Amino acid sequence: STLQMLEHKQPLVSVIVPVYNVAKYLRKCMDSLCEQSYRNLQIIAVDDGSTDESLSILREYEAKDSRVEVVHQENAGLSVARNIGLIQARGEWITGLDSDDYLARNAYEIILSKLDPQADIVCYAAQPIDEKGKNVSLHIMDVLFDGSYPSTPQLMSFNSPTFQNKFWKREF
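Residues numbered from 1 in each chain as written. Predicted model: local features only at pLDDT ≥ 70, side-chain atom pairs only at ≥ 80, totals over all residues. Heavy atoms only, no water.

Draft legend 1. Representation of the overall build of the protein chain within the structure. Counting secondary structure elements, the protein chain contains six helices and six strands. Written out in order from the N terminus, the α and β elements of the protein chain read α-β-α-β-α-β-α-β-α-β-α-β. Taking all 172 residues of the protein chain together, 41% fall into the buried category. In the protein chain, once contacts between residues fewer than 6 apart in sequence are set aside, the share between residues at least 24 apart is 78%. For the protein chain, the exposed area adds up to about 10200 Å²; of that, 54% sits on carbon and sulfur atoms. (Helix = DSSP H or I, 4+ residues; strand = E, 2+ residues; numbered from the N terminus. Buried < 20%, exposed > 50% of the residue type's maximum accessible area, 1.4 Å probe, protein only. Contact = heavy atoms within 4.5 Å. Areas by Shrake-Rupley, 256 points an atom, 1.4 Å probe, with all protein chains shown as cover.)

Draft legend 2. Structural view of the pattern of salt bridges. Throughout the structure, instances matching the rule amount to five salt bridges. Among the salt bridges present, the one from R59 reaches E62, with a minimum N-O distance of 3.0 Å. One end of the pair is R59 and the other is E62, both in helix α3 (residues 54-64) and three residues apart, which spans about a single turn. Its relative accessible area of 28% is what places E62 among the partly exposed residues. Taking the shortest distance from any N to any O, the salt bridge between D65 and R67 comes out at 2.8 Å. The pair formed by D65 and R67 is uniform in burial state, with each residue classed as buried. (Salt bridge = Lys/Arg side-chain N within 4 Å of Asp/Glu carboxyl O.)

Draft legend 3. A look at the side chain of Q36. Looking at where Q36 falls in the secondary structure, it is placed in the loop between α2 (23-34) and β2 (41-48). Reaching out from Q36, the side chain makes a polar contact with the backbone nitrogen of A107 at a distance of 3.5 Å. Those residues in contact with Q36 that sit more than four places away from it in its chain are L41, L103, A104, R105, N106, A107 and Y108. (Polar contact = N/O pair within 3.5 Å; in protein donor to acceptor, adjacent residues only side chain to side chain.)

Put into structure tokens, the structure is as follows:
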């Protein structure tokens, strides 16, 4: 179909979602990924030995959406889970989403429309919220800048050190 032809011209984005005992938030997270307006995604959910319903929720999504790949491992921690996801990633771009986070429906479409093809890392803003959905200030996220910059210690001081608000070029 024409839609499939269009999708092949768009870069594959691998999204790594580390999961550990987040059944309460997981459906909102996974729905926000599966319903993205940008469709050419590889969604890698790494269950890190959850003891709640997290793994069975992930299996539901894997069964109904061919883009979802579930990896289950014994509990080894967040960094190991992310690294397992990196090994599985096939996308030209790699990003992450924490399992208690969710995205606006057009988030990845907007990010990809603004990508500088020369960039190795693309950063974008995130808004922390509390259990009731109320915005919470997180000062490091409050500094916004626009444009392309060489990577310097000064630049890093403006940027959140988190994995999940960036697109990383896989070859980088």
